[in-house]
Structure formats: structure tokens, C-alpha cells
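# Secondary and tertiary structure notes
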Amino acid sequence: MEVLVSYLTRKRDGAVASRNEVLTCEALSLGRSTDSEVELSGPGVLLHEGVIDRRPGGLFFQAATRTSAIIDGKVARNGPIGIGSHVKLGPYEIVVLNPPDGKDLAVSVELVQPMEDSLESLRRLSVTDLDRTGISKRAFAWASLIVILALFLAWPIFDRYGMREETAAPASVSNLAKTSQLSWPMSGDIVWTSGEISGSHKFIANNCAVCHERPFVKVQDNVCVTCHESVRHHVSPERFDLPQLTMALCQSCHKEHAGPTHIVLSEQTFCGSCHGNIKSIAAASEILNATDFGKDHPQFRPIVITDASTFAMDRLPLEPGKWPVEKSNLAFPHKKHLVASGVIVPGEKDRRVLECVDCHRLDAGGVGFRPTSMMTDCSSCHWLNFEYTAPQRVVPHGSIENAMLTIKEFYSDLALRGGAEIEDAPALVRRRPGTAPLTPEQRLEALAWAERKTKQAGDRLFSKQVCGACHEIQQHGDALTIAPVLLSTLWMPKAKFNHSKHATAPCTDCHNAPASETSADVLLPSVQVCQVCHGGEAASTRVPSTCIMCHDFHLEFQEVMREKVVRSGASARERSR
Amino acid sequence: MKLAGVSIHKSIIEYRGFFYLKLAAGLVLLSVAAYWVHQPLAGPNGGTWLGYTLGTIGALLIVWLAWFGIRKRRYGVGRLLLEDWLSGHIYLGVALLIIATLHSGFQFGWNVHTLAYVLMVGVIVSGAFGLLVYLRVPALRTENRQNMSLDDMMALIAGLSKEIYQAASTLDDEVGQLVQEADQRTRIGGGFWRQLSGTDPHCATTRALNKVRARAEQFSGADADAARQLVTLLARKVELLARARRDVRHHALLKVWLYFHVPMTVGLIAALLIHIFVVFLYW
């Protein structure tokens, strides 16, 4: 068949140029291949796109194998076409035209979808700048600003000042603990904490308002003394003008939010800053300087009873060669009681070997000892009996009058009742009980015997043999007195010593009692004995020991600090008026 | 940052005979010495006199360092040159890390104060990364570019397409399809990570090269010659693409740290203001 092919080229101004070509072929083949009747060059075109041929029913388009075309807007492998049909092959469009005379077929061929320019395509697809990836520094900056302001400023302020009801100051610790349990698992302002709260205050850790009462005001002492109401001064505000001690805020020493460690200062430099030269701080002070337990600590100065008769006491140093002597008015040789062979115990066959704990028993807290007493510690061996035919009968300890009365009652009872088995007793007293009643004369005779016996027994009792073995007995005419006894229960009241913590060491390591022959010996160890094991805070080959290991800062015998708070609060109110 | 060329980068480090290095080192030595000597009760922390002093110095440094972001956009303003600002920014920024750490007394926790510290460390670390990048990458970039701009490279790559189409014109449809995709779907760069990686695992040209190379053995005669030429051309294009992508990577490296440095600075200033406000609110 004769085919007219018009190759159309559309110019920029819209004008169409055409180049005509007349072909003679069996069927019109189209494709990129050079053997195609209509050669469609360029990318996007197959080697063989398809053929147009004439069939009995008319024109027909048949696509090449496994390809399809768009025939009149429909995707199809093949189909009848007629004049006016559009067949789209890749970027080309074939339009079937009305054939001129003598021609069997006329088609126009136009590149309707020219391929994008390679450079344009590459530029369009490429993103070569981070700023064009949709990730924006500005957006990040705004986001971080908003999130931080919201979470760390707005929400805490709202939670602290906007939502919580103001509660009255808690009256007790348990009340405080209850009010600190907020409805939120974590209060908003917890993000403001400047550090972990100390262990003993953790129960209020979630309730900043307990201590931080007013904004932009330091935590005041009234908050502390709400609970710590019995804390006392270090020095007497009346005796010493030391406002840095007596007027300082609690928090100037007790630093909170410094981690889980204890809130009590333990640095020896804190103490040493004053006690290194105490006279320069407090001229009237009588205490000695100390800065380090291992290197710079004065000799111990226990309170020694210098004369129990006059209640005289003195602080005397434990200086070797000038060891203090105590006058307690009680004779007690430790050496005799601690002999290795033991002591004789009335009523027992064998001797008993005594140990320190037989008399010195730790008190319930384990820190010190219960006071020794005649009743609990001496009387099981030292019987205060007076009549050998009745060895179980003893006089009460502590009062001469009561002792003498007990003896008198014993003998008077025997004399009046009869039946005494005492050798030197008259027959009247030895008579069988229950016989005829005594006449008044007989009663006088019997009681006269009882008087004599009472005197004999009293003389023996209050001699060196019994009471005088331990006590100093003084005779004033007919009257007897026993010198008052005074024993130290606490040698050094400003120093704590926990005996139970030292239980692994034998008592005699520190107290040389087995060698002590008299109660005048002050059986305390000197500071050098402690320093064998204990050193200063920085010691590396001794137990590091800070001042507060033994000494308290807030002293029990001083005024309570709460008074200071009340006073300063009052004066602040005065000022505000 | 509008500074280009290796010489400028070096001069920032050595600027004015290391004046700002000496200034920063002096500041750090003074702070460390004070921290060493000062032994406050209950341990060092931000609330002692030294803590407040170091905190004030740190806060002023942060403000001055952040002001660089504004100063660098204004030319010829003030007595100091922009080079002064940059040199000082680098050395005093590092000094800030030490001063702020001493200010903290090494007390860290889950709170706004440590948040400010962490953000500050983030800003300084990203800045240090930026400095390293500016010292190292420009030389690599120059070497990679071989006197071409990215536009030049793109023009060269696109220019190869015509020859590639030509070489593929006689080959079968599968090759035609690969070649067309290589032309129309190849791209340089892309998303954030794609730009930073400097590679493209889905590159249409690389795919075309690999497939055409595998198929080339099947061709014979004129087709085999065409296929050989096609492979050569595609390989040349792949090489140029790799070079262009490396250039994009270099460009991205020079900018990426700012995506952390700038937003974290803004966050730091917010956290710092809250830190100062709260310290006195809950005194």
C-alpha cells in the first residue's frame, strides 16, 4: 500500500512544520529499529513498537510482542483504527489522517512528549543542600525553647504556685510526712532541685514548699526548729558574744541538697577554725586548743572528785607522774577483787574468780554503765550480818539509824519472846517460848540484855571489820557518822565514748584495774592510749576520727536554739513595725 | 559560615599569636587554682562564693559566645574583627567547659541545672566537631572537586547522557529502558542522611552499569561494540556521580554540626535562665 507519512515538528511559536514522506509497504511498521518504515528515534521508544496494516474490515494496529500502546485513549495491545484515530507510542503520537487521492493511508508522526533535558532532570531530582531537606535549625531551636520553658519553668510554677492549696505549718513530723505525700507521683518543681536531698530528709523530698516557704528568700531557721525544737546552742549566748555561732542560720552549716550523705558537718577543719586558737575567738574560754585527734589534742581532763566530804571536784589532766587522785571516801581495792585465784564467797565452797562485768554492767543503750551499788554488786559477798547464830540476818545498807534499829529489834524480840540460843544470854531470855508471861521486872531485865547485845553488835558492825572495811567512819562523841561517798558516773561529760563499740578489746587494755590497790586511782586511759588506734580525720594508718566522733556541737546543757529563732522572729516583727 | 579557604581556617587557630588561646588558658588556670585552694564545708558546689563567681563568669561567657551568632551577621560593627570573635569563640568555648564543670562542683542530677550543663556540653562538642570539620574538610573538598563546581559536575554528567543514548540506540529494549532510567532517575544528594553519606545505594546509573555489564557478554558483532562503549560511558558517569556525591557530603559536613550547635544553644540559654531564676527562687 501507498502511505503518506507527515513528520510534524512544533516550533516554539506554535507553528507546525511538516516533512512528508511517501512509502510503499505491505504494512506500516513503527519503532526505533532502523528497519522500521517509520523510524521513531530517541529514548523511550522500543525497537519495534507495532504495525498498522489494512484488513478486510479496515485499518488495524497490532503492537509488537509484550508491548502495548494507547489507542484512542485506551491501553490496548491491538485494535481497529480509522481516520482520526490517535495511537500513542512512547513519546510519539501517530494520527491517522484522511488519505489524499492515490494513497491508501496517511499518518502524521509527532514527538508530543519530548524527554526532559538530562541536566534539568538531574537538577530537579538532586537535593544538594541540607537546608533543602525540610530539616530546619530554626524549627529545632523553637522546639527546644518551647519544650524546655514548658517542662522546666511553666509547669513547675503552675504546680507549685497555681495548684496546691496552702497548708498551715505542720505541727509535727508525722503531720509533715503526711502533707508531703502529694497527689502527683512527682511534684513539678522537683526538676528545680539542686541535688539529692540528704537521707534523713528524704521523706519530704517531694514537697519543696516545706522548706522553701517564700520565693527569693533563703530557707529560714523557723522551718528547721519546727521539727528540731530541742537543738541547743554550742556556746552560751549570754557568756560569749559570738553571733557567728549563736545567730547563724541553720543552713550555713547544714547544707542540704548535697547528696545522700549525712547533713551534719564532720570536717575537723570546721571545728579547728575556732578551736585551733580558742582564746582568739573567746578570751574567757577555759578549754584547750585542738585541731586533730591524732596530732593536736590535749590530754584528757576528767572531772575528778577531789574531796567527797565537801563535794569538791576539779578537771585534772591525766599527766603521767601527776596522775590525779580521787577522794571518794570509799575504799575499794580493785586488785584484791580481781586476784586470779578468786575471792571467798559466803555460803560457797569454792572461791569465785571475779571479772569486770560482774560489777560493771553496760546500760541498756550500751554506751555507758549502770552505777554500781552495794545492793546489786557487793552484798552477795559482803553480808552485813551481826549475830553468828543467825548469819542470814543482815542490816539494811545506807543508814546507821536503820541498821541499829534492825539490830535492836532483833535482840529485843528474842529477849521478850525467849528461846534464844545465844551462849551469853541469861536464863530468862533462853526460857522456852510460850511459858508464863513475863513480869514487868523480868521484861526490864530482858530488854537490858537486848540493849547490851545491840551495843556489842553495833560496835562490831561499825568497826574496821565490816562497814569500816569500805567506809570512813567518824566518831563524834557518842554519835557515829560515815563520810559521804561520791563516785564518778561520767568522767568526761563533753565526750561520748561508746563502750559497746569497743567490746572486742579487753577492759584491761584501757583500764589497769588489776594493778589498782586503792580507789583513789583514776582508772582512765590517757589520750595516748586512744591514739594507739585512733588518728585524725586524714589518718591513713589509724582509725580516721573526726571531732564529732566524740564531741557534740549542740551541747545538751546549753539553751535551746529555738529561743534564738523566736527572738529573731520577734525582733524582725519589731523592725517591720 | 562565610569563611572559605584553608588559610583562613588555620589563621583562626593561630590568630594574633594565639592571643585567645592564652586568654582562655589563663582563665582556666586561674579557675582551677581557685578550685584547688578553696575547700568549702560540705564540699565544692555552685553555692559557695567561688561557685557563684565561676557561675557568673560561665553565664557571661555563654552570652558572649552566643552573641557571635548575631555578630557574624553584621559586618564592620564594633571594635573587634570577626576573626577576633571567631578565634575567641573557639578558645573561650573550650574554657567554658572547664569553668562550668568547676562551677558545678561535679554535682550532677536529674534536674534543670544538669540539663543546662548537658546542653552546654552538647553545644561545645558540636562546635568542636564543626571546628575539626572546618580544619579538615575544605582541603578534601578542593582535592575532590578538581577545579570543578558542583554545577560543572552536573553539566558533565548530563552531557554524557546524549552519548549514552547514542551508544544504546541499537541495543535492545531492556538496555534502552535501563539507559533511560539512568538518565531520568539518577539523582545527587537527597535527604539528610543521603547527603551526609555521600553515596546512593539506589543509584539508577550504577544499576544500569551493573546490568549492562552483565548483559554485554550476550551481545555479538556491532552490538558487542556498542555495549562495550556503553559500559565505558556509564562507568565514567558513575565515577562523576561519586565525585559529585562526595562534594555534597563535604558540603553537608560543613553545615551539619550547626543543626545541633544552634538549636542546642537556644535550648541552653532557656535552661540557663531557668537555672539562674530557680537558684534564687528556692534559695
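This structure is a prediction, so every number in the text was calculated from the model and none was measured.

Calculation criteria
Residues numbered from 1 in each chain as written. Chains lettered and ligands numbered in written order. Predicted model: local features only at pLDDT ≥ 70, side-chain atom pairs only at ≥ 80, totals over all residues. Heavy atoms only, no water. Domains from an automatic or database assignment. Contact = heavy atoms within 4.5 Å. Buried area = accessible area lost by both parts, 1.4 Å probe. Salt bridge = Lys/Arg side-chain N within 4 Å of Asp/Glu carboxyl O. Polar contact = N/O pair within 3.5 Å; in protein donor to acceptor, adjacent residues only side chain to side chain. Helix = DSSP H or I, 4+ residues; strand = E, 2+ residues; numbered from the N terminus. Nonpolar A, V, L, I, M, F, W, Y, C, P; charged D, E, K, R; others polar. Buried < 20%, exposed > 50% of the residue type's maximum accessible area, 1.4 Å probe, protein only. Core = buried A, V, L, I, M, F, W, Y, C linked by side-chain atoms within 4.5 Å. Pairing = 2+ DSSP bridges.

Here the focus is the domain arrangement of chain B. Residue and element names in this part refer to chain B. According to the domain assignment, chain B consists of domain 1 (6-145 + 256-281) and domain 2 (150-249). Between the C-alpha centres of domain 1 and domain 2 the distance comes to 48 Å. Contacts between domain 1 and domain 2 engage five residues on the former and seven residues on the latter. With both chains or domains summed, domain 1 and domain 2 bury close to 570 Å², and 48% of this area falls on carbon and sulfur atoms. Area buried by domain 1 at its contact with domain 2 is led by Asn144, Arg145 and Val256, which between them contribute 75% of it. Remark: the boundary between domain 1 and domain 2 carries two salt bridges. The interface formed by domain 1 and domain 2 contains four residue pairs in polar contact (both at pLDDT 80 or more). The element best represented in the side of domain 1 that touches domain 2 is helix α4 (residues 112-145), accounting for three residues. Its residues placed into classes, the side of domain 1 that touches domain 2 shows two nonpolar, one polar and two charged.

Moving on, we get to unusual backbone geometry. Positive phi is not limited to glycine here, since Phe216(A) has a value of about 60°. Along the polypeptide, Phe216(A) turns up in the loop between α3 (173-179) and α4 (221-227). Classification of Phe216(A) as partly exposed rests on a relative accessible area of 44%. Positive phi, normally seen in glycine, also occurs at Phe106(B), with a value near 60°. In this fold, Phe106(B) is placed in the loop between α3 (82-104) and α4.

On to the nonpolar core. Ile148(A), Trp192(A), Leu96(B), Met120(B) and Ile274(B) are the most contacted members of the largest nonpolar core, which totals 38 residues. Broken down by secondary-structure element, the contributors of at least two residues to this core are α2 (137-163) of chain A together with α1 (6-37), α2 (49-71), α3, α4 and α10 (258-281) of chain B. In contact with Ile148(A), other than residues within four places in its own chain, are Leu153(A), Leu115(B), Leu119(B), Gly267(B), Ala270(B), Ala271(B) and Ile274(B). With 36 residues, the next largest nonpolar core counts Ala182(B), Val212(B), Ala227(B) and Leu233(B) among its residues.

Right, let's get into the pairing of strand β1 (residues 2-10) of chain A. Residue and element names in this part refer to chain A. In this sheet, strand β2 (residues 16-24) lies alongside β1 in antiparallel orientation, the contact comprising nine bridges. Paired with valine 5 across the strands is glutamate 21, a residue of β2. Across six bridges, the pairing between β1 and strand β12 (residues 105-111) is parallel. Bridge pairing links leucine 4 to alanine 106 in β12.

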